[in-house]
Amino acid sequence: MRSILFVCLGNICRSPTAEGLMLNHLASAGLADRIRVDSAGIGGWHAGEPPDRRAIAAARKHGVDLTPLRARQVRKTDFSDFDLIVGMDRQNVDDLRRLAPKQSTARIGLWLTEALGRPDEVPDPYYEDDRAFDAVFDLCDRAARAFLEKLRA
Ligand code: 4NP
């Protein structure tokens with residue numbers, strides 16, 4: 001596994017949180033140059049925008065800086081450019097499978113299943129309060145730590 005793409009609906013809440021966390025953990029482990037990490041959205045409504053300010057605030061409390069990230073939409077080439085593409089919820093995974101071209105080589109899965117072996121989703125916090133953003137951060141933090149352990153094993 002040399003590259004992973006995190007995908008959610010808008011690419012401004014969950015997938016940039018997962019991306020920022022994974023980048024931080026890889027850097028701490030000295031593996032930043034070994035694994036390529038990116039994130040994208042099923043939709044393109046927020047393309048070019050930084051993450052949601054609530055996602056930025058939740059991550060900042062734990063020393064993770066999401067401000068350099070910019071949203072983009074999933075593109076066909078992602079399915080050959082990345083080894084693993086993970087959706088935050090089941091709808092994301094269904095959409096990814098629908099968007100995947102015939103010659104897709106990427107493995108597609110659910111993030112918490114890939115990382116933790118749990119059939120759970122990272123719930124969409126967009127219409128929720130700040131606590132939902134803290135919960136997204138905590139879930140993605142646990143997942144990123146576990147995934148890193150799997151990579152090292
Ligand atoms: P995300 O959250 O998929 O975690 O980035 C959302 C962001 C924006 C929208 C929905 C979900 N939206 O409808 O614009």
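Residues numbered from 1 in each chain as written. Predicted model: local features only at pLDDT ≥ 70, side-chain atom pairs only at ≥ 80, totals over all residues. Heavy atoms only, no water.

(A) Layout of helix H4 (residues 90–99). Every buried residue of H4 is listed here: Asn92, Val93, Asp95 and Leu96. One side of H4 holds all its buried residues, which, seen down the axis, span an arc of 165°. Its buried side turned inward, H4 meets strand E1 (3–8), helix H1 (14–28), helix H3 (78–81), strand E3 (84–87) and strand E4 (107–110). With a side-chain oxygen lying 3.1 Å from the backbone nitrogen of Gln91, the N-terminal cap of H4 falls on Asp89. (Buried < 20%, exposed > 50% of the residue type's maximum accessible area, 1.4 Å probe, protein only. Helix = DSSP H or I, 4+ residues; strand = E, 2+ residues; numbered from the N terminus. Arc of directions from axis to C-beta. Contact = heavy atoms within 4.5 Å. Polar contact = N/O pair within 3.5 Å; in protein donor to acceptor, adjacent residues only side chain to side chain.)

(B) Focus on the site of the ligand. Taken together, the neighbourhood of the ligand is formed by Cys8, Leu9, Gly10, Asn11, Ile12, Cys13, Arg14, His46, Asp124, Tyr126 and Tyr127. Contact with the protein chains removes 91% of the 350 Å² of surface that the ligand exposes when unbound. Across the shell around the ligand, the residue classes tally to six nonpolar, three polar and two charged. (Near = heavy atom within 4 Å. Areas by Shrake-Rupley, 256 points an atom, 1.4 Å probe, with all protein chains shown as cover. Nonpolar A, V, L, I, M, F, W, Y, C, P; charged D, E, K, R; others polar.)

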